[in-house]
Amino acid sequence: MNLIDAVQTRHTVKAFEPGYSLPQASVDALLAALHYSPSSVNSQPSHFVVASTPEGRERMAKATQGGFSYNEPKVLNASHVIALCMRTDLDEGHLDTILSQEERDGRFQVDGAKGLQNKTRRSYVDMHRYELRDVPQWMEKQVYLALGGLLVSAAVLGIDATPMEGFDSRALDLEFGLRERGLTSVVLAAFGRRSDQDFNARLPKSRLPREQVFTFV
Ligand SMILES: Cc1cc2nc3c(=O)[nH]c(=O)nc-3n(C[C@H](O)[C@H](O)[C@H](O)COP(=O)(O)O)c2cc1C
């Protein structure tokens, strides 16, 4: 699908067809969109938990109880549910791991490139740690960027999707032992095929007028 058609026709699916499984090639494409998502100074603070089995989705659904139960059927009936998570800190170990990976991937081709990259990244991390004091918010922005890329990718591929902030992050973290791993969940995204019950498929899209959204200078 071309991009304009994709962004105009995609919608948040409110009901998935139970039992439908996405083709593996579609899943691989979505995972690639996440894996190759850009991040500020290549900080890569994201981690993704992918549920693709009834058992996995039931575990995810433990975070959609009580006030979030409106999202439970989406989690249970989707083909795949992805919890987009972030690190709880940008610690030294993680910064060293990224630098080593960049070196293995052949990013440092001239003398001093590795040191410069390390210094530049750390200056940004220090700015967010000490001056702006917003490291968690900064990391969370990178996760939402991944979500945006993921949703656009799904739209272009014709895959039905639902982003969800309506879940209990604490319950999800506990279920998957995320906090012990220095991670915490940020947002969910479910993928699959819409069912006849998906009322949103029949509603027109609503956005503020173009003139209000853009300023051309
Ligand atoms: C970050 C984010 C969180 C959202 N959380 C939920 C949610 O928990 N449950 C739900 O049904 N829709 C959720 N939505 C869907 C929005 O309500 C929807 O994107 C918006 O109304 C625009 O409609 P459209 O996606 O159909 O174009 C979420 C969307 C985003 C981007």
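Here the structure is shown first, and the text comes after it.
Residues numbered from 1 in each chain as written. Predicted model: local features only at pLDDT ≥ 70, side-chain atom pairs only at ≥ 80, totals over all residues. Heavy atoms only, no water.

Visitor: Quick question: what am I supposed to make of the overall build of the protein chain here?
Guide: Along the backbone of the protein chain there are nine helices and four strands. Listing the helices and strands of the protein chain from first to last along the sequence gives α-α-β-α-α-β-α-α-α-β-α-β-α. Taken along the three principal axes of its C-alpha coordinates, the protein chain extends 60 × 50 × 35 Å. Here the protein chain holds 217 residues, and the buried ones make up 40% of them. When contacts within the protein chain are restricted to residue pairs at least 6 apart in sequence, those whose partners lie at least 24 apart make up 77%. Accessible surface, the protein chain: about 12500 Å² in total, of which carbon and sulfur atoms supply 52%. Between the centroid of the 25 positive side chains of the protein chain and the centroid of its 27 negative side chains there is a distance of 2 Å. (Helix = DSSP H or I, 4+ residues; strand = E, 2+ residues; numbered from the N terminus. Buried < 20%, exposed > 50% of the residue type's maximum accessible area, 1.4 Å probe, protein only. Contact = heavy atoms within 4.5 Å. Areas by Shrake-Rupley, 256 points an atom, 1.4 Å probe, with all protein chains shown as cover. Lys, Arg positive; Asp, Glu negative; His and termini not counted. Charge placed at Lys NZ, Arg CZ, Asp CG, Glu CD.)

Visitor: Would you mind going over the pairing of strand 4 (residues 183–192) with me for this structure?
Guide: Strand residues, when the strand is regular, have side chains that alternate between the two faces of the sheet. Most of strand 4 is tucked away: ten of the ten residues are buried. Here eight bridges tie strand 2 (residues 80–87) to strand 4, and the two strands are oriented antiparallel to one another. Note that in strand 4 the partner of Arg-87 across the bridge is Leu-183. Bridge analysis of strand 3 (residues 160–164) against strand 4 gives five bridges, and the strand direction is antiparallel. Of the residues in strand 4, the one forming a bridge with Thr-162 is Ala-190. (Pairing = 2+ DSSP bridges.)

Visitor: Which parts of the structure should I look at to understand the nonpolar core?
Guide: The tendency in soluble globular proteins is for nonpolar side chains to be buried as a group. If you look at the biggest cluster of nonpolar residues, it comprises 26 residues, and the most contacted ones within it are Leu-22, Leu-30, Leu-84, Leu-150 and Phe-191. Here the element with the most residues in this core is helix 7 (residues 135–157); it accounts for nine residues. Ignoring anything within four residues of it in the chain, the contact list for Leu-150 reads Leu-30, Leu-34, Leu-84, Ala-189 and Phe-191. Grouped together as the second largest cluster of nonpolar side chains are 20 residues, Phe-16, Met-60, Val-81 and Leu-188 included. (Core = buried A, V, L, I, M, F, W, Y, C linked by side-chain atoms within 4.5 Å.)

Visitor: Explain the environment of Trp-138 here, please?
Guide: With respect to the helices, strands and loops of the structure, Trp-138 is situated in helix 7. Of the residues examined, Trp-138 reaches a relative accessible area of 5% and is grouped as buried. With 54 residues separating them in the primary sequence, Trp-138 and Gly-192 have C-alpha atoms 30 Å apart. Once residues lying within four places of it in the same chain are set aside, the contact partners of Trp-138 are Ser-40, Val-41, Leu-90, Tyr-124, Val-125 and His-128. Separated by 3.3 Å, the side chains of Trp-138 and His-128 make a polar contact. (Polar contact = N/O pair within 3.5 Å; in protein donor to acceptor, adjacent residues only side chain to side chain.)

Visitor: What is the right way to look at the site of the ligand in this model?
Guide: Residues in close proximity to the ligand total 16 residues, the closest being Arg-10, Thr-12, Lys-14, Lys-205 and Arg-207. A distance of 2.6 Å separates an oxygen atom of the ligand from a polar atom in the side chain of Thr-12. In this structure, an oxygen atom belonging to the ligand sits 2.9 Å away from a side-chain N or O atom of Asn-71. For the ligand, the accessible surface in isolation is 620 Å², of which the surrounding protein chains cover 69%. For the shell around the ligand, the secondary-structure elements that each account for two or more residues are helix 7 and strand 3. Grouping the constituent residues of the shell around the ligand by class yields five nonpolar, five polar and six charged. (Near = heavy atom within 4 Å. Nonpolar A, V, L, I, M, F, W, Y, C, P; charged D, E, K, R; others polar.)

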